[in-house]
Amino acid sequence: MKLVSFRLTEADRAEIAFGAVRGAEVVRFTSAAGHDVRGLDSMDSYLAGLPDTFDRAAAIVADPAQPALRLNDVQLLAPLPQPAALLDCGLSPKHLRASTRTLLRRSLPFGVGRPVGALLGRAAARSKTLRFYKGNHYSISGTGDTIDWPDFTAYLDIEPELAIVTGAEPQQHSAWVEPAGYLIYNDASARDVQLGEMLFTGPASSKDFDTGNGIGPYLVTPDEVPNPLDLAVTVTFDGRSAWTGTTSDYSLHPARMLAHILRRRSLPAGTVVGMGAVPGCCGLDRDEWLEPGEAFTINIDGLGSLAQRFGTPATMPTTGWGRRAPKDT
């Protein structure tokens, strides 16, 4: 199933409905007649009620007699408007190598940054340690939303990732823990601020600014994602060539990643866990930078398309990376 949170109209800002996509329609679970709809009033209650809520939702979607809304007539929101928690991992060695190289080359003096970046990039790519950091689960945006351009960065970047979402009471001491679902995660990042934070406190303002964590458009249940490490990723723009990658570059299966994290801490239902940037699909890997106001669409096979755009700052700041010239791509 492709589960969605949505509004019926733009004018109805208060009510958030919950349902599933069926072709070009959306089935709203609480409108189903003749079915058990317990735990199907929101994404949060669905996740907390698993596995029973999956069976109830699937029965409704499979019933052709149930009324549905046209997909084009609703406004899709972030599947989890406010996740219970947000974690992000770095499980893509190619990304770690390329991004470290670019980050240090741009952040350190030329004679130092290039060789140090190359050296540490190779070391980052070889690391076998699973590390994760805590993100701001109050800074969520969805498909169709604009990501505010913070006034402290000149190099705002996208970071397309495969992410998982947890269900109720995952097993803490298992070697393999299936997630409740998968979604697209855009971990927008202020690259010219990032290095200083990573060397000391860990990512903060470079990652957790308002609207900077994009998720959507659906939460796709595991039965529709037979191999999460075999999904093509494409980022498209207006006016520049597409960026492409694949989830096969991740070094760990999502079920093993989740099991590893659960050995260290518990995760409430509705936790979003990113796996790290898909190599070749962010500006830092490519040293290619999006412009203020630029629109982009992140597509992952089977998970849909997350369409967003960057806002425009009142003035472009000068940072440690220097003043950014117009059309620095």
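Residues numbered from 1 in each chain as written. Predicted model: local features only at pLDDT ≥ 70, side-chain atom pairs only at ≥ 80, totals over all residues. Heavy atoms only, no water.

Chemist: What should I look at first to understand the overall build of the protein in this one?
Modeler: On a plain count of helices and strands, the protein comes out with seven helices and 19 strands. Computed over C-alpha atoms, the radius of gyration of the protein comes to 20 Å, within 12% of the 20 Å expected from 2.2 N^0.38 for 329 residues, which places it in the range of a compact globule. The buried share among the 329 residues of the protein stands at 52%. Of the contacts formed within the protein by residues at least 6 apart in sequence, a portion of 76% connects residues at least 24 apart. Within the structure as shown, the protein displays about 14,100 Å² of accessible surface, and the carbon and sulfur contribution to it stands at 52%. (Helix = DSSP H or I, 4+ residues; strand = E, 2+ residues; numbered from the N terminus. Rg over C-alpha atoms; globule rule 2.2 N^0.38 Å. Buried < 20%, exposed > 50% of the residue type's maximum accessible area, 1.4 Å probe, protein only. Contact = heavy atoms within 4.5 Å. Areas by Shrake-Rupley, 256 points an atom, 1.4 Å probe, with all protein chains shown as cover.)

Chemist: Any chance you could explain the side chain of S45 here in plain terms?
Modeler: Mapped onto the elements of the fold, S45 is located in helix α1 (residues 43-48). At a separation of 3.0 Å, a polar atom in the side chain of S45 contacts the main-chain carbonyl oxygen of S42. (Polar contact = N/O pair within 3.5 Å; in protein donor to acceptor, adjacent residues only side chain to side chain.)

Chemist: So what exactly am I meant to see when it comes to the packing of aromatic side chains here?
Modeler: Each aromatic ring pair is described using two quantities: the centre-to-centre distance and the angle formed by the ring planes. Following the criterion strictly, the structure yields eight aromatic pairs and no others. Measuring from centroid to centroid gives 5.2 Å for F18 and F29, while their planes differ by 65°, and the two rings are edge-to-face. In this pair, F18 sits in strand β2 (residues 17-22) while F29 sits in the loop between β3 (25-28) and α1, placing the two residues eleven residues apart along the sequence. Judged by its relative accessible area of 2%, F18 falls in the buried class. With a relative accessible area of 0%, F29 lands in the buried category. When the centroid spacing of 5.3 Å and the interplanar angle of 65° are considered together, the rings of F296 and F310 count as edge-to-face. (Phe/Tyr/Trp six-rings, centres within 6.5 Å; stacked < 30°, edge-to-face > 60°.)

Chemist: Is there a simple way to think about the sheet that holds strand β16 (residues 243-246) in this case?
Modeler: Strand pairs in the sheet, formed through backbone hydrogen bonds, run parallel or antiparallel to each other. Ordered in space as β9-β19-β18-β15-β16, the five strands form an open sheet in which the pairing is mixed. A single partner strand is all that each edge strand has here, and the edge strands are β9 (146-147) and β16. For β9 and strand β19 (residues 304-310), the ladder comprises two bridges, and the chain directions are parallel. Looking at β19, one finds that T146 is bridged to R309. (Pairing = 2+ DSSP bridges.)

Chemist: I would appreciate a short explanation of the state of the cysteines in the present structure.
Modeler: Think of a disulfide as a covalent bridge from one cysteine sulfur atom to another cysteine sulfur atom. A complete count under the given rule lists zero disulfides for this structure. No disulfide involves C282; its sulfur sits 7.9 Å from the nearest other cysteine sulfur, which is in C281. (Disulfide = S-S within 2.5 Å.)

Chemist: How do you make sense of the environment of F18 when you look at a structure like this?
Modeler: Sequence separation between F18 and Y46 is 28 residues; the distance between their C-alpha atoms is 9.3 Å. With near-sequence residues (within four places) excluded, F18 lies in contact with L3, V4, F6, V27, R28, F29, L40, D41, S42, M43 and Y46.

Chemist: Sorry, what's going on with the nonpolar core here?
Modeler: Considering soluble globular proteins, one finds that nonpolar side chains tend to be buried as a cluster. Core analysis: the largest hydrophobic core is formed by 49 residues, its most contacted members being I158, V235, M257, I261, F296, L303 and F310. Element by element, the count of residues in this core is highest for helix α6 (residues 254-262), at five residues. For F296, the contacting residues outside a window of four places in its chain are I147, I158, N186, V235, T236, F237, L290, L306, A307, Q308, R309 and F310. Core analysis: the second largest hydrophobic core is formed by 26 residues, L40, M43, A57 and Y185 among them. (Core = buried A, V, L, I, M, F, W, Y, C linked by side-chain atoms within 4.5 Å.)

Chemist: Quick question: what am I supposed to make of the pairing of strand β17 (residues 271-277) here?
Modeler: Consecutive side chains along a regular strand alternate between the two faces of the sheet. Most of β17 sits out of view: seven of its seven residues are buried. As paired strands, strand β6 (residues 85-89) and β17 are joined by four bridges and run parallel to one another. Across the sheet, residue D88 finds its bridge partner in β17, namely G274. The sheet contact formed by strand β11 (residues 160-165) and β17 spans four bridges and is antiparallel. For V165, the partnering residue across the bridge sits in β17 and is V272.

Chemist: Any chance you could explain the pattern of salt bridges here in plain terms?
Modeler: Pairs can form between side chains of opposite charge whenever their charged atoms are close. In this structure the tally under the stated criterion is 17 salt bridges. The partner of K207 in a salt bridge is D187, with the nearest N and O atoms 2.8 Å apart. A residue pair is termed long-range when its members are at least 10 positions apart, and K207 in the loop between α5 (191-199) and β14 (213-220) and D187 in strand β12 (residues 181-187) qualify at 20 residues. A single salt-bridge network, built from bridges that share partners, covers D157, E159, D187, R191 and K207. (Salt bridge = Lys/Arg side-chain N within 4 Å of Asp/Glu carboxyl O.)

Chemist: Any chance you could explain unusual backbone geometry here in plain terms?
Modeler: As a rule of thumb, non-glycine residues mostly have phi less than zero, and peptide bonds are mostly trans rather than cis. L50 connects to P51 through a cis peptide bond whose omega is 5°. Position of P51 relative to the elements: it lies in the loop between α1 and α2 (52-61). Positive phi is not limited to glycine here, since T211 has a value of about 65°. For T211, the position within the fold is in the loop between α5 and β14. Even without glycine at this site, D287 takes up a positive phi of about 50°. Within the secondary structure, D287 sits in the loop between α7 (283-286) and β18 (295-300).

This is a description of form; function is not addressed.
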